[in-house]
Amino acid sequence: MIRITILTLAIVSIVSAHAQERGNVLIKNGNVLTITKGTLPETDVLIRDGKIAQVGKNITVATDVRVIDASGLFVMPGIIDAHSHSGIDAINEATNPVTAEVFVGDALNPFQIELYRALAGGVTTIHTMHGSANAIGGQCETIKLRYGVKDPELLRMKDAPRTIKFALGENPTRVHGSGGIVPKTRMGVEFVIRQAFSKAQEYMMEWDEYNKAKTQKGFRGTPPVYNLRLETIADILRGEVIIHCHSYRADELQMMLKVCKDFSIDKIVFQHVNEGFKVAPELAAQGAMASVFSDWWAYKLEVYYSTAYNAAILTKNGVLTSINSDDEELMRHLYHEAAKTQKYGDLTDDEALSLITINPAKQLGIDKRVGSIEPGKDGDIAIFQNHPLSIYTVPMMTIVDGVIRFDAKTDPDDMRLVVDPKQDIEASAYTEHKHDRCMENAILSAEHFFDLNVGE
Amino acid sequence: MQFYSRNLLVVFLLCFCFFASVAQNKQEERELPPVSSTYAITNAIIIQSPGKNIGRGNVVLKDGLIVAVGKNAVAPADAILINGDSLYVYAGFIDGLTRNGVSKPKEETSKERPKDPGNPLPEQAGITPQQDVRSTINPEEKSINEFRALGFTAAQVVPYGGFLPGTASIILFNDESATDMVLAEQSSFFSELVPAQRVYPNTVIAVIAKWRELYAQALQAKNYEKVYASNRSGLTRPADNQILEAFYPVIARSIPVLFEADKYLETQRVISLQNELGFSLVLGDIKEGWNAIPSIRSAGAKVFLSLDLPEDKKFEPKPEKEKEKKKTSDEDAKKDPEKEALEKRKEEAIQTYTAQAATFSKAGIPFGFSTLSVKATDVQKNLRRMIAAGLTEDQALAALTTMPAAILGLSDRLGTIETGKIANLVLSDKPYFSEKAKVKYVFVDGVMFKYEPKDDPKKETSTSVDISGTWTITTENPDGKFEDQVTFSKDGNSFSGSITGARFSEAVNLENIELIDKQLKFSYTTQAEGQSMKVDVDVTVEGDTLKGTASSAGKTFTITGKKNPKK
Amino acid sequence: MKLNSLSFIVLFVACGSFVSMAQNPKARSGAFALTNANIETVTKGIISNGTVVIRDGKIADVGVDVTIPSDAEVIDCRGKWIYPGMIDAGTHLGLVEFGMVSQATDVSEVGDVVPQVKAMTAVNPNSAAIPITRVSGVTTTLVLPEGELFCGTAALMNLHGYTPDQMFAGFEGVVLNFPRTGKRGSWDRRTDEEIKKASEKITNRLNDVWEKAVQYHKLDSATNGNMSYYPEMQALLPVVRGEQPLIVIVNREKDIRTALRWIKDKKVKNVIFSGMAEGWRVADEIAKANIPVIAGPVLTLPTRDYDRYDKGYANVGLMKKAGIKVAIKTDDDNLNYRNLPYHAGFAVAYGMSREDALKAITIVPAEIFGVADKLGSIEVGKNATVFVCDGDPFETKTNIEHVFIDGWQIPMESRQTALYEEFLKRSPGLKK
């Protein structure tokens, strides 16, 4: 009986710690990797009410602020993953080549254990995305890993710009083309995107005309029919939604650059972009950004001609680049993925760490809030045992909005927030890790639709 | 159970139609109507409303209404008297969300792939909000009687379909024609976050997007119709769109959206949608709502909690054998602290589910119950579990009577035993929530349904087939057919036995004989080419024959058997 | 039509790789002296400021006071480190050129019992992944076929050579995918009943095959090897006789326990466990059974949602701690076998000693595969399969500067480095 009480108390205390949304923490005496303002040895970082209040030496605080001794430890801004599919219950609406109206933020799931595991890898913000089954997929959501909250609304990073997933190449052509629906080729992908943009332009014009006419006296007229899909694509054309475009090959990258130019779209982030290095000058010239794997290749034909030097070539050619995971396992060691750019291309520590902090923040349009340790920014911090670019480092503590969400020393093993009351403890034990979340749902649906053999 | 009907004509016609063809052969038994439509329940303990036990008294019903209640209520001369000396009378229960009494359409499982999965017809996409559940109400549905036998007299029923199946109605379980069952039509606009199969919307995110779009289009169409109605000159005639029109009362907030949202995240998603669009919301069949209480409160949503609960082994009867097994596995668990901790978390989870109703009560959120996903046989047990977890009996009764009546806007007609209300009553032999309470009578709309105690079902299941005696068993394997003789004899509760035959030098004793219902398993070991081989037999016994398999060393053979006639 | 265009692409790709290989510089052999280096011998400690002499494919001399042969090409390794080539104990290198396209993958043969198909014969010496892997210091890999039950015979291959024979590193073993029980994940839609039936069926199948193999062995012995052609059983013969290890792939706790019982029941003499995602849960029993383990990948998620987040990383170290002989494999889906040292590094970060982690990718797999006389450490007489690096090879930023395989100096180029050279400063740039 006593035992039960103690355990219950432990669980309650975790929950109540998390219930506090904006925390106050003083991190003392760490090696502070600010990313944007250099590395500050033996420096304190004070977080007040969830925001970084002060960075400096010998900061003192009242006793109510929790003090973390970071002597000998490394303090860096929380890691940002610009490509993830964690924290959502639906990834691909793979039934139509254009599904701009769907929004993965409608299916947030704060209970996924992978969110906690990402925290245990120093990650604090993720861009959780629609999959890559469609040329124009759904809208994505930027969330903070406030693991412990139960209300899905609390995961959202409020005020983060809207983003949408596009996809070029094999995935959309495989899912739709094999069912006899355009696109079946990269040519078709271009057509689908241009067609959607053109229709959205028409739609915008019809509304503009209607709205303009409406202001005139004695107006009699019929409004165009509301269409959420075209409305969303129109928002892209209005510059209100950032495109994150799943892409691999040089030719399709150039195609998409041209499409953007033709439709006056300024901001585009290419995702994966394994052959980005081949068209780095073109990407840089148009201000397009790239979010890449450190070294993934060969998992299909369109990534066969990849190189692990991609991030370095892009960076050195002036393309704003980040390293992402697209995978709940890889997500846990993005610091290590960033370090690979030092082997493959000799990036400096700051350049390498920028790939997983300030650069993805810029790509998501949230760099005013996160991505570096600067006063005024969100209190999102990852504390490492060794330098985060060392293979031997271990994330020790991860803080989101000043709230400690991961603590290697005190967290219990079982960090599930919910337990299935029907779970058969024996039978449900083991899970094999599946890659290629980008095609989750799509693989199932594609099999359903087209009796396709699209195994990994 | 006896069955009476007020509506003679319907019964007569039905009987006539049905029996016309066979009438030549046999004179069928016909239901006779009761001699009066007035009833008086005398000297029963009357729980007039939750918390209001008015003690012993009479309840008088006439023509479907309650006409008098209390100690001094006088039974009229034409009343059929029901002696309530040992009975407890409650207002009839109301089910907030169910498909009891609704026919399930035949499912078309076409394997053909959709030609254009991205642009399906509305009905393929699950978009049929213009449907009305009344067209699929069927008085013959067995579920009506199953739940009426528990005391349910009225229910909000919803149609089958996709994410927008149509409008709900409130019906009475009075066993009349479909039209006469309906108490209130279009009581709500029903929806579930269920994706369509193989076509758009194939995910919950597309369902929500489509919801949003349809709502916005309906809003637009409704406004336009208004403009058009006021002055048609110079305007295109609005298209006739039944789907969008179905949203109009939702937009006007004249009917609520009833959302099935059993999972916590669904509850939250629905509330987010409600926050965005502003319709009035009723959440149905909630199973994991405790964490959503703040959102439910701020959304002003009304709530029906599910009567379904996750199984709790503590409340399940255990056969003797399992108890023994359980013991050993408990010992294993003790050795494994990880498993112990997992079991404990699971138990805590079950407890949280069970305490959901109590949690809502404590938070001051009014709620009714719904039976959309509960088995009838679990209802009373689950109510008792909820009460054991902190819900008071009065709160439980309120959630079955006054609360749903209020949520459905029927407090003037349902929910309590008061003069003028519809004659829906439940009569039980013990206080309803006590362990062995049995419903004796249910009145719906003044129609009486009487329930006789059933035989103890345990007796039925425990009568396994008798296998004692000698059987001739034929085994077919690649080497040929073999006939053996197997003899079973009963030792108390278990069996012993042996096998003999040409392949055996002496009788071999059977091991692990296990007989559950008709399923018989046993094994034996033989010697073949100097090696011992274990044979496992698994057969089904049908009277004096048996059939099944024998397996050994990874091979499985068919066996059949016949019981030898007794000598 | 679809097929045709696909095969055309494959053909095109294949041609492409031939062309690029033809342009590659060749490996060189001869005598080399790697001087002034820190030598991590693995088996005999670290030698500071020492020399490794390579001649005729072998390590001719190691030490501080080493006479440098006059004909040897001297490579000054001042401030550098020399390590034995790393061994990845589980890959599909050479069998898979790239994923998703069946014509580009040769891992899985038709049939659930095909021990006679050999990875050795299908490893493509011209695979683009081979140079990509070896320039990172991974010189030798166990190439595994995939499939059901007895899916083929794995082969240990050195990452240099123009034919599979030239690459062969002296070990082959039949692979058994031990029957899996239970759900494979939340995406596994089978009912419990279906899962149970499937696993019973495959277990019966395994027992049946094994029984036949034992019978075949007995009859083969009785007939002095004059049994008629039966390729499956012939492939299993050395396994039954214990002359060749059986590589048993098994991951789940329950299945590992079942496998341990099965091995005991069937008296299987020579077994290597591979996979072992939940090995830490059964570590004591495995240690007691004295079965060596190839575990990996290390960079992996815990197998259960209630496991501590680092259980995947810690698994190898926990098994080692329990006394198991454990090697590491990457088993990487993206052909990133070059990341082997990082798998070892993560094992170190999460509890294994660095020394043990290093052994787990050098001498331990060499011992498990019975080639410790040739590979796995820097000792005189062993094959000259070593690499030179500018720091701790586990550290991500460390550069591998020279690689020798069987005494051949490997060109430090791969398609990935070639693309770097070509595209870092592309010409023409933006304007042609």
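Refer to the structure printed above.
Cut-offs applied
Residues numbered from 1 in each chain as written. Chains lettered and ligands numbered in written order. Predicted model: local features only at pLDDT ≥ 70, side-chain atom pairs only at ≥ 80, totals over all residues. Axes fitted to C-alpha atoms, helices over the stretch in contact; angles between N-to-C directions. Helix = DSSP H or I, 4+ residues; strand = E, 2+ residues; numbered from the N terminus. Parallel < 35°, antiparallel > 145°, perpendicular 65-115°, else oblique. Contact = placed C-beta atoms within 7 Å. Nonpolar A, V, L, I, M, F, W, Y, C, P; charged D, E, K, R; others polar. Expected span 1.5 Å × (residues − 1). Buried ≥ 20, exposed ≤ 12 C-beta atoms within 10 Å, placed from the backbone. Pairing = 2+ DSSP bridges. Core = buried A, V, L, I, M, F, W, Y, C linked by C-beta atoms within 7 Å. Domains from an automatic or database assignment. Right-handed = clockwise from strand over helix to strand, strands pointing away.

*Asks:* Explain the packing of helix α9 (residues 311–321) of chain C against helix α10 (residues 340–349) of chain C to me, and be specific about the residues and the numbers.
*Replies:* Each packed pair of helices is defined by two parameters, the angle between the axes and the distance between the axes. Residue and element names in this part refer to chain C. Orientation of α9 relative to α10, taken along the N-to-C sense of each, is 80°, at an axis distance of 8 Å. As judged from the angle between their axes, α9 and α10 are roughly perpendicular. For the pair α9 and α10, the contacting residues are Tyr 313, Val 316 and Gly 317 in the first and Phe 346, Ala 347 and Ala 349 in the second. Classifying every residue of the contact of α9 with α10 by side-chain character gives five nonpolar, one polar and no charged.

*Asks:* Which residues make up the interface of chain A and chain C, and what values go with them?
*Replies:* Counting residues at the interface gives 49 residues for chain A, matched by 48 residues for chain C. Where the side of chain A that touches chain C is concerned, the elements lending two or more residues are α2 (113–119), α7 (280–285), α8 (310–316) and α9 (334–343) of chain A.

*Asks:* Describe helix α4 (residues 186–214) of chain A, with residues and values.
*Replies:* Residues and elements named next belong to chain A. With 29 residues, α4 should cover 42 Å at 1.5 Å per step; its first-to-last C-alpha distance of 42 Å lies within 8% of that length. Residues of α4 that are buried: Val 189, Val 192, Ile 193, Ala 196, Phe 197, Ala 200 and Tyr 203. Those residues of α4 hidden inside the fold are in contact with β8 (136–144), β9 (162–167), α3 (170–175), α5 (228–237) and α6 (250–262).

*Asks:* Give a detailed account of the packing of helix α5 (residues 192–222) of chain C against helix α6 (residues 231–240) of chain C, specifying residues and quantitative values.
*Replies:* Residues and elements named next belong to chain C. Relative to each other, α5 and α6 sit at 85°, their axes nearing to 9 Å. Between α5 and α6, the interaxial angle falls into the category roughly perpendicular. Residue-level inspection shows Lys 212, Ala 213, Val 214, Tyr 216, His 217 and Asp 220 of α5 in contact with α6, the latter providing Met 233, Leu 236, Leu 237 and Val 240.

*Asks:* Describe the sheet that holds strand β9 (residues 166–172) of chain B, naming the residues involved and giving the relevant values.
*Replies:* Residues and elements named next belong to chain B. Reading across the sheet, the eight strands line up as β7-β8-β9-β10-β11-β12-β13-β14 and stay open at both edges, with mixed pairing between neighbours. The open sheet terminates on both sides in strands that have one partner only, identified here as β7 (93–98) and β14 (367–370). The average angle at which neighbouring strand axes cross in this sheet is 30°, direction not considered. Summarising the sheet, strand β13 (residues 302–306) and β14 pair through four bridges and their orientation is parallel. Within β14, the position partnered with Val 303 by the bridge is Phe 367.

*Asks:* Kindly report on helix α7 (residues 253–265) of chain C, identifying the contributing residues and their values.
*Replies:* Residues and elements named next belong to chain C. Along its 13 residues, α7 runs 18 Å from first to last C-alpha, staying within 8% of the 18 Å computed at 1.5 Å per residue. Taken together, the buried positions of α7 are Glu 253, Asp 255, Ile 256, Ala 259, Leu 260 and Trp 262. Buried-residue contacts for α7 involve β10 (246–250) and α8 (283–289). One or two positions beyond α7, positive phi appears at Lys 267, with a value near 55°.

*Asks:* Describe the sheet that holds strand β13 (residues 321–323) of chain A, naming the residues involved and giving the relevant values.
*Replies:* Residue and element names in this part refer to chain A. In space, the eight strands of this open sheet follow the order β6-β7-β8-β9-β10-β11-β12-β13, with mixed pairing throughout. Every interior strand has two partners, whereas the edge strands, β6 (79–84) and β13, have only one. Each adjacent strand pair in this sheet contributes to an overall mean axis angle of 25°, direction not counted. Two strands pair when backbone bridges link them, and β6 and strand β7 (residues 123–128) are joined in this way by four bridges, in the parallel orientation. In the sheet register, Ser 84 faces β7, and the bridge partner there is Thr 128.

*Asks:* Which residues make up the nonpolar core, and what values do they have?
*Replies:* In this structure, A:Val75, B:Val89, B:Leu283, C:Val52 and C:Val248 are the most contacted members of the largest nonpolar core, which totals 391 residues. Broken down by element, this core gets its largest block of residues, 11 residues, from helix α5 (residues 204–230) of chain B. When residues are assigned to domains, this core turns out to be shared by domain 1 (24–85 + 376–432) and domain 2 (86–375) of chain C, each giving three or more. Once residues within four sequence positions are removed from consideration, C:Val52 is found in contact with C:Leu34, C:Ala37, C:Ile39, C:Ile59, C:Val62, C:Ile82, C:Ile378 and C:Val386. In terms of nonpolar packing, the next biggest core, distinct from the first, is built from 17 residues, B:Trp471, B:Phe488, B:Phe522 and B:Ile559 among them.

*Asks:* Hey, could you go over the environment of C:Gly85 for me, with residue numbers and the actual values?
*Replies:* All names here are of chain C. As for its placement among the helices and strands, Gly 85 is situated in the loop between β5 (81–84) and β6 (86–91). Taking the C-alpha atoms as reference points, Gly 85 and Ile 247, separated by 162 residues in sequence, lie 23 Å from one another. Leave out the neighbours within four places in its chain, and Gly 85 touches Gly 137, Thr 139, Thr 140, Thr 385, Val 386, Phe 387 and Ile 405.

*Asks:* Kindly report on unusual backbone geometry, identifying the contributing residues and their values.
*Replies:* A cis amide bond, omega 10°, links A:Val182 with the succeeding residue A:Pro183. Here A:Pro183 lies in the loop between α3 and α4. Backbone torsion omega between C:Gly296 and C:Pro297 reads 0°, so that peptide bond is classified as cis. If you trace the backbone, C:Pro297 turns up in the loop between β12 (293–295) and α9.

*Asks:* A description of the pairing of strand β11 (residues 271–275) of chain C should follow, citing residues and the corresponding values.
*Replies:* The side chains of a regular strand alternate, residue by residue, between the two faces of the sheet. Residue and element names in this part refer to chain C. Among the five residues that make up β11, five are buried, leaving the element largely enclosed by the rest of the structure. Where β10 and β11 come together, five bridges link them in parallel fashion. Residue pairing across strands places Val 250 opposite Gly 275, the latter belonging to β11. Crossover handedness for the path β10 to α7 to β11: right-handed. In terms of handedness, the path from β11 via α8 over to β12 forms a crossover that is right-handed.

*Asks:* Before we move on, can you summarise the environment of A:Ala361 with the specific residues and values?
*Replies:* All names here are of chain A. Mapped onto the secondary structure, Ala 361 falls in helix α11 (residues 358–364). Taking the number of C-beta atoms within 10 Å as the measure of exposure, Ala 361 has 27 and is therefore buried. Note: C-alpha distance between Ala 361 and Leu 154 (207 residues apart in sequence) is 20 Å. If near-sequence neighbours (up to four positions away) are discounted, Ala 361 is found in contact with Ile 80, Ile 366, Asp 367, Val 370 and Gly 371.

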